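# Structure assessment
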Amino acid sequence: MTRIARWLPLVAIAATLTACGGTQPDRAAGGTAIGAGTGAAVGAIAGGVGAIPGAIIGGAVGGTTGAVTTEDEVDLGEPVWR
C-alpha cells in the first residue's frame, strides 16, 4: 500500500465532517477551507503528492461534500464567519 493510500480514509473522514452552517454556500465554503487545510497537511506528511496538490484535492472534496449535504445530515453549528 502506498503512503497516499494509507491517508485516503483519513481525508475521506475529514471531508465528511467539513460541512458546517445552515445554508448550502456556508457548508460549501467551510468544506472547501477545511478540506484544503486537511489535504495540504496530509499531502505534506504523506509525501508523493505534496501540499499544493493535496490542498487542491482536499478543497474540491470538502467543498463538494459541503455543497451536497444538508443541515439535517451534518450540523456542526454556525460557521465562524457568521
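Because the structure is predicted, anything quoted here is derived from the model rather than measured.

### Remarks on the overall build of the chain
When helices and strands are tallied, the chain shows three helices and zero strands. Taken from N to C terminus, the helices and strands of the chain fall in the order α-α-α. Counting the 82 residues in the chain, one finds 34% classified as buried. Across the chain, the fraction of contacts at a sequence separation of at least 24, relative to all contacts at a separation of at least 6, is 67%.

### Section: helix H2 (residues 24–46)
Here H2 spans 31 Å end to end across 23 residues, near enough to the 33 Å set by a 1.5 Å rise per residue. Among the residues of H2, Asp-26, Arg-27, Ala-28, Gly-30, Gly-31, Gly-35, Gly-39, Val-42, Gly-43 and Ala-46 are the ones counted as buried. After H2 finishes, the residue Gly-47 shows a positive phi value of roughly 70 degrees.

### Things to note about the confidence of the model for the chain
Summing up the model confidence of the chain, the mean pLDDT is 76 and the portion of residues at 70 or higher is 65%. Mean pLDDT values for the elements of the chain range from 63 in helix H1 (residues 3–16) up to 89 in helix H3 (residues 51–68).

What counts and how
Residues numbered from 1 in each chain as written. Predicted model: local features only at pLDDT ≥ 70, side-chain atom pairs only at ≥ 80, totals over all residues. Heavy atoms only, no water. Helix = DSSP H or I, 4+ residues; strand = E, 2+ residues; numbered from the N terminus. Buried < 20%, exposed > 50% of the residue type's maximum accessible area, 1.4 Å probe, protein only. Contact = heavy atoms within 4.5 Å. Expected span 1.5 Å × (residues − 1). pLDDT = per-residue confidence, 0-100.

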